[in-house]
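# Notes for the structure review
Each chain, written out:
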Amino acid sequence: MTDFAAPAFPVEGEPLEAAHTSPDTLTLQARRRSTVAKNMGEPGPSPDQLKTLINIGARTPDHGKLFPWRFIVFEGEARAKFGAILEKVLREAEPGGPEERYELERNRFLRAPVVIGVVSDVTENYKIPEWEQVLSAGAVCMNLLIAARAMGFAAQWLTEWYAYDRRVKRALGLESGERIAGFIYVGTATEAPAERKRKPPRVERWEG
């Protein structure tokens, strides 16, 4: 990871550029590739870098300024504590399974120095459909991926089974109606990813 200077965030009312030409940004997005969590190690973001990362993640399109998402950060020993919960839940759901399976869950969040949970928190609003609010949470996840890469870190957006398990959601303090949009694993790559096969985009031009 290279040294990274925190960007200057604008203050309320400050005029902003309508466009910001940045070939480096286009190159980053054109070459962005997730690094699998098992290929991550130390170091992770510093406290200041993590704060910057989350603030950038929050700069997403948000119809109505509802802020229909929130963050849960896992770092240090909290990752192992959460892993213990995953192991307990899995043992209860699938008793008598192979120990390797339980071990995987116990160590799941230890794969990266920092994991950021993005929680979709929809507000009932007759003008702004639930779908738009959910999409905003997804955009937060993508912002985090790109910002982490720009900081020199590897990142992966995952959900996996525990994002949908009611017992895990309860342990995380999720309220009724809240859902996990993603867990963003952030660390330093121990192995460079290779480009995967990609289908060409499906494009139509509507002509009336």
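Definitions and cut-offs
- Residues numbered from 1 in each chain as written.
- Predicted model: local features only at pLDDT ≥ 70, side-chain atom pairs only at ≥ 80, totals over all residues.
- Heavy atoms only, no water.
- UniProt positions renumbered as here; feature names shortened; annotations may be inferred.
- Helix = DSSP H or I, 4+ residues; strand = E, 2+ residues; numbered from the N terminus.
- Buried < 20%, exposed > 50% of the residue type's maximum accessible area, 1.4 Å probe, protein only.
- Contact = heavy atoms within 4.5 Å.
- Areas by Shrake-Rupley, 256 points an atom, 1.4 Å probe, with all protein chains shown as cover.
- Lys, Arg positive; Asp, Glu negative; His and termini not counted.
- Charge placed at Lys NZ, Arg CZ, Asp CG, Glu CD.
- Phe/Tyr/Trp six-rings, centres within 6.5 Å; stacked < 30°, edge-to-face > 60°.
- Salt bridge = Lys/Arg side-chain N within 4 Å of Asp/Glu carboxyl O.
- 1 Å grid on protein atoms, 1.4 Å probe; cavity = no way out; pocket = protein on both sides within 12 Å on 5 of 7 lines; lining within 4 Å.
- Polar contact = N/O pair within 3.5 Å; in protein donor to acceptor, adjacent residues only side chain to side chain.

Under the annotation held in an unreviewed UniProt entry, the chain carries the name Putative NAD(P)H nitroreductase and is attributed to Marinicauda salina. We quote the UniProt Sequence similarities (unreviewed entry) comment for the chain here in full: "Belongs to the nitroreductase family."

### Here's the deal with the overall build of the chain
A tally of helices and strands in the chain yields six helices and five strands. Overall, the chain shows an N-to-C arrangement of helices and strands of α-β-α-β-α-α-β-α-β-α-β. Principal-axis analysis of the C-alpha atoms gives the chain an extent of 60 × 45 × 40 Å. Per-residue burial for the chain yields a buried fraction of 36% across its 208 residues. In the chain, of all internal contacts separated by at least 6 residues, the share reaching a separation of at least 24 is 81%. For the chain, the exposed area adds up to about 13,500 Å²; of that, 53% sits on carbon and sulfur atoms. Here the chain carries 29 positive and 29 negative side-chain charges, and the mean point of each set is 5 Å from the other.

### Points about the packing of aromatic side chains
Tallying each qualifying case throughout the model produces 13 aromatic pairs. A ring pair is formed by Phe82 and Phe109, whose centres lie 4.7 Å apart and whose planes are at 45 degrees; its orientation type is tilted. Note that Phe82 is positioned in helix H3 (residues 77-93) and Phe109 in the loop between helix H4 (99-106) and strand E3 (114-120), a separation of 27 residues in sequence. As far as the burial class goes, Phe82 and Phe109 line up, both buried. Each ring, one from Trp161 and one from Tyr162, has its centre 5.9 Å from the other, and the planes form 90 degrees; the classification is edge-to-face. Using a relative accessible area of 1% as the deciding quantity, one classes Tyr162 as buried. These aromatic residues form a ring-pair network of at least three members: Phe74, Phe82, Phe109, Trp161, Tyr162, Phe183 and Tyr185.

### A word on the pattern of salt bridges
Opposite charge on two side chains lets them pair, provided their charged atoms get close. Counted by the stated rule, this structure contains twelve salt bridges. The shortest N-O distance in the salt bridge between Arg70 and Glu178 comes to 2.8 Å. In this pair, Arg70 sits in strand E2 (residues 69-75) while Glu178 sits in the loop between helix H6 (166-171) and strand E5 (179-189), placing the two residues 108 residues apart along the sequence. One salt bridge connects Glu160 with Arg111, and the closest N-O pair in it is separated by 3.5 Å.

### Let's talk about the UniProt feature "domain: Nitroreductase" (unreviewed entry) in the chain
Mapped onto this structure's residue numbering, the UniProt feature "domain: Nitroreductase" (unreviewed entry) falls at residues 32-187. Helix makes up 40% of residues 32-187 and strand makes up 19%, while its end C-alpha atoms are separated by 15 Å.

### Details of the UniProt feature "binding site: FMN" (unreviewed entry) in the chain
Taking the UniProt record as the reference, the feature "binding site: FMN" (unreviewed entry) is found at Arg32, Arg33, Ser34, Arg59, His63, Trp157, Leu158 and Thr159. Maximum C-alpha separation among the annotated residues is 28.5 Å over a sequence range of 128 residues, too wide for a single clustered spot. Restricting the annotated residues to those that line the largest pocket leaves Arg59. Given a relative accessible area of 32%, Trp157 falls into the partly exposed group. Among the polar contacts listed, one links the side chain of Trp157 to the backbone oxygen of Ala181, at a separation of 3.1 Å. Summarising the element assignment, Thr159 is placed in the loop between strand E4 (154-158) and H6. Relative accessible area serves as the criterion here: at 23%, Thr159 is assigned to the partly exposed category. Ignoring anything within four residues of it in the chain, the contact list for Thr159 reads Tyr164, Ala181, Gly182 and Phe183.

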